[in-house]
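Structural description and commentary
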Amino acid sequence: MSEISAEQVAHLANLARIALTEEEIEHLTTELGQIMQAVEKVSEVATPDVVPTSHPIPLHNPLREDVPTDVLSVEQALSGAPEHDGTRFVVSAILGEEQ
Amino acid sequence: MARAALMDFDEALERFEPVIGLEVHVELNTRTKMFSSAPNPANDEFHGAEPNTLVAPVDMGLPGSLPAVNATAVRYSISLGLALGCGIAPSSRFARKNYFYPDLGKNYQISQYDEPIAFEGSVEVELENGRTFEVAIERAHMEEDAGKLTHVGSTGRIHGAEYSLVDYNRAGVPLVEIVTKPIVGAGADAPALARAYVATIRDIVLSLGISEARMERGNLRCDANVSLRPKGQEKFGTRTETKNVNSMRSVERAVRYEIQRQAAILADGGTITQETRHWHEDTGTTSPGRPKSDADDYRYFPEPDLLPVEPDPAVIEELRAALPEPPAARRRRLKAEWGFTDLEFQDVANGGLLNEVAATVDAGASPAAARKWWTGELTRIANAQGADPAGLAEPAHVAELAALVDEGILTDRLARQVLEGVVAGEGSPREIVDARGLAVVSDDGALISAIDEALAAQPDVLAKIRDGKVQAAGAVIGAVMKAMQGKADAARVRELVLERAAADS
Amino acid sequence: MSDLIRLNAADLAAKLASGEVSSVEATKAHLDRIAAVDGAVHAFLHVNAEALETAADVDRRRAAGEELGPLAGVPIAVKDVLVTKGMPSTSGSRILEGWIPPYDATPVRKVREAGMVPLGKTNMDEFAMGSSTEHSAYGPTHNPWDLDRIPGGSGGGSAAAVAAFEAPLALGSDTGGSIRQPAHVTGTVGTKPTYGGVSRYGSIALASSLDQVGPVSRTVLDAALLHDVIAGHDPHDQTSIPDAWPSMADAVRRADVSGLRIGVVKELDSDGFQAGVRQRFHESLELLAANGAEIVEVSAPNFEYAIAAYYLILPAEASSNLAKFDSVRFGLRVVPEGGGTVEEVMAATREAGFGPEVKRRIILGTYALSAGYYDAYYGSAQKVRTLVQQDFDAAFAQVDVLATPTAPTTAFKLGEKLDDPLSMYLNDVATIPANLAGVPGISVPTGLAPEDGLPVGIQFLAPAREDARLYNVGGALEAILVDRWGGPLLSQAPDLSTHELMATEEGVV
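Since the structure is predicted, the reported quantities are computational estimates derived from the model, not experimental observations. (Residues numbered from 1 in each chain as written. Chains lettered and ligands numbered in written order. Predicted model: local features only at pLDDT ≥ 70, side-chain atom pairs only at ≥ 80, totals over all residues. Heavy atoms only, no water.)

1. Some thoughts on the overall build of chain A
A tally of regular secondary structure across chain A gives 3 helices and 1 strand. Listed N to C, the secondary structure of chain A is α-α-α-β in terms of helices and strands. A globule of 99 residues ought to have a C-alpha radius of gyration of about 13 Å, yet chain A, at 22 Å, is considerably larger. Over its C-alpha atoms, taken along the principal directions, chain A stretches across nearly 50 × 45 × 25 Å. A buried classification covers 45% of the 99 residues belonging to chain A. For chain A, long-range pairs separated by at least 24 residues make up 30% of all intrachain contacts whose partners lie at least 6 apart in sequence. Accessible area for chain A stands at about 5100 Å²; split by element, carbon and sulfur atoms hold 53% of it. Charged side chains in chain A number 4 positive and 18 negative. The centres of these two groups are separated by 8 Å. (Helix = DSSP H or I, 4+ residues; strand = E, 2+ residues; numbered from the N terminus. Rg over C-alpha atoms; globule rule 2.2 N^0.38 Å. Buried < 20%, exposed > 50% of the residue type's maximum accessible area, 1.4 Å probe, protein only. Contact = heavy atoms within 4.5 Å. Areas by Shrake-Rupley, 256 points an atom, 1.4 Å probe, with all protein chains shown as cover. Lys, Arg positive; Asp, Glu negative; His and termini not counted. Charge placed at Lys NZ, Arg CZ, Asp CG, Glu CD.)

See below:
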């Protein structure tokens with residue numbers, strides 16, 4: 001299971017939207033293989049009868065009341081933007097389609 | 001792009017059986033968003049706000065921000081699930097759907113994946129032709145909407161755009177996605193069923209009051225899955241998913257188009273590509289989006305920022321008890337109560353005017369009068385304006401108008417003028433009658449003096465009447481009506497003219 | 001150097017309350033200290049230009065007779081993982097360079113409301129990924145005990161700031177030991193509260209189900225006082241615990257270990273730990289026993305799997321949490337040569353903006369969540385989490401608190417483990433189980449390892465919601481040790497004034 005190919009790493013980088021260099025892919029392929037081999041240890045005890053825990057402290061909190069409160073001003077919303085037109089964020093042309 | 005070959009619809013249905021599946025997204029009209037307390041633009045109160053003015057940190061994925069589930073959105077979702085006949089999960093969970101897109105502030109969508117809040121239901125759907133179907137619901141789950149992209153460039157479409165603008169006002173709007181099980185057996189009615197199903201969902205959410213349900217605003221959106229299988233074959237064919245079909249009429253057209261397109265390919269020995277397709281309203285066609293691929297690896301996992309949703313069973317029962325009557329049952333009841341023929345009832349229902357007629361009847365009008373005004377004059381005005389007749393006038397005003405006619409204060413013709421004033425927002429019918437002085441002149445003295453004037457101008461008329469040519473009275477009646485600016489009862493004028501002829505002889 | 005900077009927060013607060021010292025004086029003393037030594041230590045990424053103004057405001061309010069909180073006027077350093085309105089917040093990453101958030105993290109808001117004075121933002125491993133602060137995009141922080149050594153991580157900046165007397169208190173965050181391990185290697189105190197005890201709102205998420213904000217200080221009482229300020233339910237964080245909390249400061253003031261049952265986790269008392277670390281650990285246990293505590297050996301067989309589970313859960317959640325850094329709404333934008341589509345801009349930005357450890361973990365996490373591997377990796381790791389919780393449950397059925405050495409070794413040399421991620425990951429062996437189970441933990445200094453003269457700490461762990469027990473046992477041990485040492489451990493730390501001089505001469509400051 002821990003055999004990871006450079007193609008796989010390149011695919012993962014694409015899913016994660018990181019333009020890794022060839023050297024990085026090569027380096028990560030080796031490292032990921034080693035790390036995965038170490039972490040696969042979990043399968044030794046993760047038997048079907050064990051219930052997974054996704055939240056460490058079980059809680060039952062009240063949900064949020066439907067009352068408008070938090071809202072940023074448009075200046076605040078745009079304040080960190082690399083590019084905007086005064087009301088909206090500007091991005092370069094999109095290759096893919098809407099989901 | 002070459003235009004796809006289409007098979008004749010009837011021929012396609014002779015050779016293939018269509019299987020459809022529908023995914024409807026409903027934007028809830030809560031006051032705040034699904035996961036933030038920013039105002040919700042899918043609520044009429046906040047609709048039309050300037051870009052990026054309805055945004056809290058989590059809606060634009062600011063570092064450090066966290067989602068917080070809206071209690072009302074959960075209640076609405078439970079009500080909708082119950083109205084769809086679904087079971088409500090004692091514990092359901094949010095999950096992250098991971099994909100990069102600039103309209104998605106966090107680059108993941110918080111949705112529900114393996115544990116939806118509502119599951120396994122069914123809805124009775126009545127077609128325009130009166131046929132009814134039970135549509136099985138697989139699930140209804142809560143999620144958040146994405147922001148809005150505007151593509152700027154030569155075409156205004158995504159391809160060929162030079163850059164795009166992003167507005168996160170819509171990001172985080174509460175959505176319920178309702179997914180049907182595959183619908184088999186509709187045959188040639190499949191396109192009409194798809195339309196009627198969406199109309200039924202619209203009726204349900206409107207009766208619950210949980211969505212503004214305006215398709216033109218995207219409050220209600222439909223993705224239509226269509227596949228064909230050769231008649232007699234058990235296994236489903238490969239399906240396509242046509243995205244974001246945003247009117248009732250388009251839903252029907254898109255399903256019909258896909259049936260014809262796929263039939264042509266299959267009959268030609270070709271295969272259907274499993275893909276997303278886009279509906280083009282202008283050409284009435286669909287075109288391929290990207291094929292399904294491993295880029296669709298959404299890496300779902302339970303949303304660690306949120307706890308499971310565990311509604312109080314007592315609240316569920318409270319919401320169940322408060323459910324409105326299901327649309328199909330309500331239709332049957334109203335039709336019986338109103339005493340309409342099948343055709344009369346379909347005229348109302350297909351015009352989307354059930355609620356308006358019912359409210360008008362509740363306000364005191366007779367069912368016949370309510371039907372007449374809504375499907376007649378109001379629909380005519382709406383068509384002329386390119387608007388929806390529902391919402392053109394207050395049902396109470398229509399009822400008042402009908403009462404004025406019944407009381408003899410207005411003739412039909414005057415009533416139509418008053419109605420135009422109502423639509424133009426001039427006030428209630430009585431106010432308009434007063435303001436414009438439109439009431440029927442019932443004072444015989446005023447009518448007689450007008451008749452005298454008309455007779456003086458056309459002295460031969462009385463003689464003709466006495467000769468038995470009663471239709472000659474028409475010329476005088478017309479002149480009197482003109483002189484009274486239409487505010488006279490033509491029948492009374494005629495009576496008076498005939499009386500006069502008899503008296504003078 | 002000014003005596004004001006050597007005061008504990010509690011003592012400084014008393015002088016502020018009595019009017020003997022003003023907040024402006026205290027703040028100025030710390031700013032001067034930062035100016036003098038931070039060139040050598042590099043604990044701060046940003047110094048708050050408005051600190052003196054804030055201090056003056058607190059002084060005015062005090063003079064006007066306003067009712068102020070117990071820590072009002074006390075300066076505090078803030079880990080750069082917490083967003084601060086008006087102050088840059090980078091989480092140690094190039095991708096957020098210069099970003100000024102439009103809102104305050106809840107713990108920061110509470111600190112401000114308590115009248116405390118934020119001095120600035122402290123250095124950290126990029127997005128809190130690391131155990132040495134070497135993964136900061138802005139260069140490493142140096143351990144005040146030995147400037148060639150790491151100050152721990154990811155919160156090395158907060159620990160070093162406190163150890164170097166640049167701040168009496170700091171805020172940290174702990175995902176797998178990022179508060180406790182730096183405390184261990186710098187001779188300071190650090191607490192990871194119960195998961196949900198402190199709001200995560202405004203803490204730039206690493207792994208949402210593991211992250212917890214907590215106090216960093218020089219004494220147990222100071223940590224408790226700060227804990228009392230930041231704890232409590234926050235409607236913005238639906239995973240935060242709604243319960244009311246007892247006063248942690250009271251727990252320290254009433255510290256008493258007589259009859260307390262302390263469990264020693266057998267699996268974390270092994271040859272894998274440096275001799276001096278174990279020696280100080282056992283001395284501390286003996287001292288506690290001599291003061292009435294009962295020492296019991298307990299077993300936690302599944303702790304062995306904790307690191308493996310952690311290095312699946314953390315990268316998985318991080319890969320999703322860090323997706324928001326895409327050049328659209330904030331932070332860096334890198335456009336590939338000749339332009340590109342938004343997808344290409346995003347990929348180029350993330351390539352340039354993230355450091356190697358962040359990329360490594362994002363790729364790892366993407367893999368662990370991808371279709372076909374979820375059950376084997378993420379799903380299995382979540383099961384190990386259940387098993388670790390069961391071990392804690394079994395142990396806490398026998399004892400009141402658990403004790404372990406906080407980390408396997410004293411501070412290692414900068415650069416020593418940088419190219420060996422797996423060996424770096426092993427640093428967290430004793431601290432990770434608490435994050436997986438959500439239970440609270442504290443690290444308290446126990447002395448110097450005889451072989452290298454560097455500080456070591458002991459970790460106490462308590463059941464969820466029982467954070468007060470940590471302050472009880474930690475406070476008791478600290479009192480015994482300080483008494484034996486004849487003063488705080490940090491008084492044995494090298495005087496940084498030589499560096500002060502050097503730095504000044506070289507013009508580093």
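2. Focus: the sheet that holds strand S1 (residues 89-92) of chain A
Strand order in this open sheet of 3 strands is S1(A)-S8(B)-S7(B), and the pairing throughout is antiparallel. One side of each edge strand has no neighbouring strand; the edge strands of this open sheet are S1 of chain A together with strand S7 (148-153) of chain B. The mean inter-strand angle of the sheet, taken between neighbouring strand axes irrespective of direction, is 30°. As judged from the 6 bridges shared by S7 of chain B and strand S8 (residues 161-167) of chain B, these two strands associate in the antiparallel manner. (Pairing = 2+ DSSP bridges. Axes fitted to C-alpha atoms, helices over the stretch in contact; angles between N-to-C directions.)

3. As for the pairing of strand S1 (residues 16-27) of chain B
Residues and elements named next belong to chain B. The element S1 is largely enclosed, with a buried count of 12 among its 12 residues. Residues Phe16, Pro18, Ile20, Leu22, Val24 and Val26 of S1 are buried on one face, and the alternating residues Glu17, Val19, Gly21, Glu23, His25 and Glu27, pointing to the opposite face, are buried as well. As defined by bridge partners, S1 adjoins strand S11 (residues 220-230) across 11 bridges and the pair is classed as antiparallel. Looking at S11, one finds that glutamate 17 is bridged to arginine 229. Pairing analysis gives 5 bridges linking S1 to strand S9 (residues 174-180), with the strands arranged antiparallel. The residue of S9 that forms the bridge with valine 26 is valine 176.

4. What about the pairing of strand S3 (residues 95-98) of chain B?
On a regular strand, one side chain projects to one face of the sheet and the next to the other, so that they alternate. All names here are of chain B. Residue alternation in S3 divides its side chains into two sets, Ala95 and Lys97 and Arg96 and Asn98, and both sets are buried. Bridge analysis of S3 against strand S4 (residues 108-111) gives 4 bridges, and the strand direction is antiparallel. Each bridged residue has a counterpart across the sheet, and for alanine 95 the counterpart in S4 is serine 111. Of the strand pairs in this sheet, S3 and strand S15 (residues 301-302) are connected by 2 bridges, and their pairing is antiparallel. If you follow alanine 95 over to S15, its bridge partner there is proline 302.

5. With respect to the packing of helix H1 (residues 6-15) of chain A against helix H2 (residues 22-39) of chain A
The geometry of a pair of packed helices is captured by two quantities: the angle between their axes and the separation between those axes. Residue and element names in this part refer to chain A. Contact geometry for H1 and H2: axes closest at 9 Å, N-to-C directions at 105°. As summarised for this structure, H1 and H2 are arranged roughly perpendicular, according to the angle between their axes. Residues Ala6, Val9, Ala10 and Leu12 of H1 lie in contact with H2, whose contacting residues are Ile25, Leu28, Thr29 and Leu32. Here the residues of the contact of H1 with H2 sort into 7 nonpolar, 1 polar and no charged. (Parallel < 35°, antiparallel > 145°, perpendicular 65-115°, else oblique. Nonpolar A, V, L, I, M, F, W, Y, C, P; charged D, E, K, R; others polar.)

6. Topic: the interface of chain C and chain A
Contact with chain C, which involves 66 residues of that partner, is made by 60 residues of chain A. Among the residues of chain C in contact with chain A, Ile363, Tyr367 and Lys383 of chain C are the three that bury the most area, contributing 13% of the side total. There are 4 salt bridges connecting chain C and chain A. Between glutamate 24 of chain A and lysine 359 of chain C there is a salt bridge whose closest N-O contact spans 2.6 Å. Put simply, chain C and chain A have 22 residue pairs in polar contact (both at pLDDT 80 or more) between them. Elements with a minimum of two residues in the side of chain C that touches chain A: helix H10 (306-321), helix H11 (342-353), helix H12 (356-369), helix H13 (375-398), helix H14 (421-425) and helix H15 (432-437) of chain C. Counting residues per element, the side of chain C that touches chain A draws most heavily on H13 of chain C, at 12 residues. (Buried area = accessible area lost by both parts, 1.4 Å probe. Salt bridge = Lys/Arg side-chain N within 4 Å of Asp/Glu carboxyl O. Polar contact = N/O pair within 3.5 Å; in protein donor to acceptor, adjacent residues only side chain to side chain.)

7. Here's the deal with the nonpolar core
Of all hydrophobic cores here, the largest spans 190 residues; its most connected members are Leu71 and Leu226 of chain C. For this core, the element with the most residues is H10 of chain C, which contributes 11 residues. Apart from the residues within four sequence positions on either side, leucine 71 of chain C is in contact with Ala9, Ala13, Ala114, Met116, Leu169, Leu225, Leu226 and Val229 of chain C. Grouped together as the second largest cluster of nonpolar side chains are 70 residues, Met34, Val69, Ile259 and Ala264 of chain B included. (Core = buried A, V, L, I, M, F, W, Y, C linked by side-chain atoms within 4.5 Å.)

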